[in-house]
Amino acid sequence: MSEANKKSAARRSSDFSRERRVPSLPEQSFFGAWFTSDRERDSIRNGGHSGSRPTFCSSSGRADPAAGSDFSEALIAGLSAPQKSIPSRFLYDAAGSALFEKITTLPEYYPTRTETEILRHQAEEIAAIVPDGAVLVEFGSGSSTKTELLLERMENLHAYVPIDISATALQDAKARIAERFPALRVMPIEADFAQPIAIPPEFSTRPLFGFFPGSTIGNLRPVDAVALLASMRRTLGPDAHLIIGADLKKNVRRLLAAYDDADGVTAAFNLNLLARANRELDANFKLDQFKHSATYDMRNGRIDMHLVSLREQWVDVGGRRFHFDAGEQIHTEHSHKYEIDGFHTLAGEAGWRPQVVWTDAEHLFSVHVLVADA
Ligand SMILES: C[S@@+](CC[C@H](N)C(=O)[O-])C[C@H]1O[C@@H](n2cnc3c(N)ncnc32)[C@H](O)[C@@H]1O
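Residues numbered from 1 in each chain as written. Predicted model: local features only at pLDDT ≥ 70, side-chain atom pairs only at ≥ 80, totals over all residues.

## Description of the overall build of the protein
Turning to step 1, where the next piece is worked out: In terms of helices and strands, the protein carries ten helices and 14 strands.
Turning to step 2, where the next piece is worked out: Counting only residues that meet the buried cut, the protein has 44% of its 374 residues in that class.
Turning to step 3, where the next piece is worked out: Sequence separation of at least 24 residues holds for 71% of the intrachain contacts in the protein that already meet a minimum separation of 6. (Helix = DSSP H or I, 4+ residues; strand = E, 2+ residues; numbered from the N terminus. Buried ≥ 20, exposed ≤ 12 C-beta atoms within 10 Å, placed from the backbone. Contact = placed C-beta atoms within 7 Å.)

## Some remarks on the nonpolar core
Turning to step 1, where the next piece is worked out: Core analysis: the largest hydrophobic core is formed by 62 residues, its most contacted members being Leu-136, Val-137, Val-161 and Leu-242.
Turning to step 2, where the next piece is worked out: With six residues, the single largest contributor to this core is helix α7 (residues 222-236).
Turning to step 3, where the next piece is worked out: Apart from residues no more than four positions distant in its own chain, Leu-136 is found in contact with Met-154, Leu-157, Tyr-160, Val-161, Phe-209 and Phe-211.
Turning to step 4, where the next piece is worked out: Phe-269, Leu-274, Ala-277 and Leu-307 belong to the second-largest nonpolar core, a separate cluster that totals 24 residues. (Core = buried A, V, L, I, M, F, W, Y, C linked by C-beta atoms within 7 Å.)

## Structural notes on the site of the ligand
Turning to step 1, where the next piece is worked out: Taken together, 19 residues surround the ligand, and among them Tyr-92, Gly-140, Gly-142, Ile-165 and Gly-214 come closest.
Turning to step 2, where the next piece is worked out: When its residues are assigned to classes, the shell around the ligand shows seven nonpolar, eight polar and four charged. (Near = placed C-beta within 6 Å. Nonpolar A, V, L, I, M, F, W, Y, C, P; charged D, E, K, R; others polar.)

## A closer look at the environment of Glu-362
Turning to step 1, where the next piece is worked out: Relative to the elements of secondary structure, Glu-362 occurs in the loop between β13 (352-359) and β14 (365-372).
Turning to step 2, where the next piece is worked out: Along the sequence, Glu-362 and Lys-250 sit 112 residues apart, while their C-alpha atoms lie 9.7 Å from each other.

## Brief notes about the sheet that holds strand β8 (residues 290-297)
Turning to step 1, where the next piece is worked out: Strand order in this open sheet of three strands is β8-β9-β12, and the pairing throughout is antiparallel. Every other strand in the sheet has two partners, leaving β8 and β12 (329-336) as the edge strands with one partner each. Each strand of the sheet is rotated relative to its neighbour by a mean of 20 degrees, with strand direction disregarded.
Turning to step 2, where the next piece is worked out: Where β8 lies against strand β9 (residues 302-309), eight bridges are found, and the strand directions are antiparallel. Across the sheet, residue Lys-291 finds its bridge partner in β9, namely Val-308.
Turning to step 3, where the next piece is worked out: Sitting on the sheet, helix α9 (residues 265-281) touches β8, β9 and β12, and the angle it makes with β8 is about 115 degrees. (Pairing = 2+ DSSP bridges. Axes fitted to C-alpha atoms, helices over the stretch in contact; angles between N-to-C directions.)

## What to know about the environment of Pro-131
Turning to step 1, where the next piece is worked out: Position of Pro-131 among the secondary structure elements: in the loop between α4 (110-129) and β2 (135-139).
Turning to step 2, where the next piece is worked out: Here Pro-131 falls in the partly exposed class, since 14 other C-beta atoms lie within 10 Å of it.

The structure is reproduced here in structure tokens:
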């Protein structure tokens, strides 16, 4: 990207003339349930595709049976397809979430460091956009570490609603945030954000302010990313804002290093999927017979993570047998990289208007403020 383009990356809403309407995506009805008493539990499970039954999130962080059956169904379906795959959301059990936190501290893994710095610099400006009495809703909140930078400045925030598929990540984050910001209501929701999210009705009259950092949007293919952003717009309601982080296209060597670090932490994170299947589904994957791989798909502008079978082998999962050829791959994660304009086009298709975008000096990462189209 040219210097002129880099400079124009941090610009105001008036610079963005393009406004595109969301195509007629099907409206989804809200379902799931919520609890209003924090005394009853630490977080709630918001019904997703695994069923609308709300369940308490175990304080021990043990996976509950509903999560297990969801993993089992997805794994068996994924291993039965001609191109074997496992959805990336299953990377984040307790062990996977802990490994991800380790990844965020690696020298090669620039996204967390860079996005954190952008947020640190812009926290005051972001806080100024948040209406008094608003509710901050974070999608894929993980450890909520970056969120603290915003919460420090959002003095008149009514509540914080972190949403994540990982019960342990939610519990740890809730404990830390509640201790640090005792006056703030923290109401975690354990849910798959790709499913409609039911925000507690007590917040229905309050402005909702969305936060989706970590470039988690990059884990979805563009068509699914548009559907997710449109679903978030419906969840957050009219006039909502969404602050979203998106990783940018860059030197391929730098990208590959971020997803295949020298210490093998990302490899352990990826292989944990198989370890999780052994723990939860009585599978018999031999971890030393698979290896982590990260490649860059230039045409689609994305990193693809795979687990590669090192030899011909059979694996049992939940009473089923799966054959692997030597060299056969299980796809485990996409991580799409964007140009600023391409990301704005995507957001526009989902009914979001770009208001501000910030990048770092090296143009590695972007943080966008989007406003819901009327
Ligand atoms: C790349 S990490 C980002 C974590 C944190 N937001 C950050 O910026 O460091 C992705 C987070 O999204 C969560 N996640 C992934 N897929 C999800 C899904 N389908 N629904 C809910 N949470 C999901 C993971 O558990 C994890 O905490």
